[in-house]
Amino acid sequence: MRRAIFPGSFDPITLGHVDIINRALPLFDEIIIAIGINADKKYMFSLKERIKFIKENYANEPKIKVETYTGLTIDVCEKLNVDFILRGLRNPADFEFEKAIAQTNRKLSNIETVFLLTSATTAFISSSIVRDILRNGGNIKGFVPNSVLKK
């Protein structure tokens with residue numbers, strides 16, 4: 001069984017995340033969307049809300065699971081018996097950052113990282129941009145799935 005973990009804070013999940021997940025579905029038997037918890041980080045949405053957004057968006061997709069974790073991603077991969085980390089790349093800066101993490105993970109474990117390029121239509125979207133739009137009273141339609149818009 002080919003299982004992948006897609007780690008992130010998903011504060012909130014965006015159409016960029018959804019693009020990567022949807023295009024990865026044919027590649028894996030199961031994708032675990034793993035919400036990392038960092039006690040030092042201030043989140044706009046509660047953990048409960050972030051889980052709800054993801055579960056609602058993928059309610060009809062049995063290949064998607066949602067987990068939460070703290071600590072190293074490779075440790076949760078080992079715990080959940082996952083061999084692949086799924087990551088999306090929007091631009092060259094993402095590549096350089098993600099490459100260093102993937103190489104470090106490979107040095108520490110046997111976990112392989114699979115990169116997918118974001119679609120041109122979603123490459124500009126990030127959770128931080130969505131949060132900034134929200135903070136300033138803007139409309140996030142077209143940036144996030146409907147499950148987030150219901151909030």
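What you see is a predicted model; the values in this text were computed from it and never measured.

Parameters at a glance
Residues numbered from 1 in each chain as written. Predicted model: local features only at pLDDT ≥ 70, side-chain atom pairs only at ≥ 80, totals over all residues. Heavy atoms only, no water. Helix = DSSP H or I, 4+ residues; strand = E, 2+ residues; numbered from the N terminus. Rg over C-alpha atoms; globule rule 2.2 N^0.38 Å. Buried < 20%, exposed > 50% of the residue type's maximum accessible area, 1.4 Å probe, protein only. Contact = heavy atoms within 4.5 Å. Areas by Shrake-Rupley, 256 points an atom, 1.4 Å probe, with all protein chains shown as cover. Lys, Arg positive; Asp, Glu negative; His and termini not counted. Charge placed at Lys NZ, Arg CZ, Asp CG, Glu CD. Arc of directions from axis to C-beta. Right-handed = clockwise from strand over helix to strand, strands pointing away. Pairing = 2+ DSSP bridges.

**Quick look at the overall build of the protein chain**
Alright, step 1. In terms of helices and strands, the protein chain carries six helices and five strands.
Alright, step 2. Ordered by position from the N terminus, the helices and strands of the protein chain form the series β-α-β-α-β-α-β-α-β-α-α.
Alright, step 3. Against the compact-globule benchmark of 15 Å for 151 residues, the protein chain has a radius of gyration of 15 Å, which places it among compact chains.
Alright, step 4. Principal-axis analysis of the C-alpha atoms gives the protein chain an extent of 45 × 35 × 35 Å.
Alright, step 5. Counting only residues that meet the buried cut, the protein chain has 44% of its 151 residues in that class.
Alright, step 6. Of all intrachain contacts in the protein chain linking residues separated by at least 6 positions in sequence, the fraction that spans at least 24 positions is 78%.
Alright, step 7. Of the roughly 8500 Å² of accessible surface on the protein chain, a fraction of 53% belongs to carbon and sulfur atoms.
Alright, step 8. Side-chain charges in the protein chain split into 22 positive and 17 negative, and the spacing between the mean points of these groups amounts to 4 Å.

**Observations concerning helix 2 (residues 47-57)**
Alright, step 1. All buried positions along helix 2 are accounted for by Arg50, Phe53 and Ile54. Seen from one end, helix 2 has its buried residues packed into an arc of 90 degrees, which puts them on one side.
Alright, step 2. Elements that come into contact with the buried residues of helix 2 comprise strand 2 (30-36), strand 3 (64-69) and helix 6 (146-149).

**A closer look at the side chain of Thr118**
Alright, step 1. Its location among the elements puts Thr118 in the loop between strand 5 (112-117) and helix 5 (127-135).
Alright, step 2. For Thr118, a relative accessible area of 15% translates into the label buried.

**A word on the pairing of strand 2**
Alright, step 1. Within strand 2, seven of the seven residues are buried, leaving the element largely enclosed by the surrounding structure.
Alright, step 2. Neither face of strand 2 is open: one carries Glu30, Ile32, Ala34 and Gly36, the other Ile31, Ile33 and Ile35, and all of them are buried.
Alright, step 3. In this view, the connection linking strand 1 (residues 3-8) to its parallel neighbour strand 2 by way of helix 1 (residues 15-24) has right-handed handedness.
Alright, step 4. Direction of pairing for strand 2 relative to strand 3: parallel, over a ladder of six bridges. If you follow Ala34 over to strand 3, its bridge partner there is Glu67.
Alright, step 5. Handedness of the crossover joining strand 2 and strand 3 through helix 2 is recorded here as right-handed.

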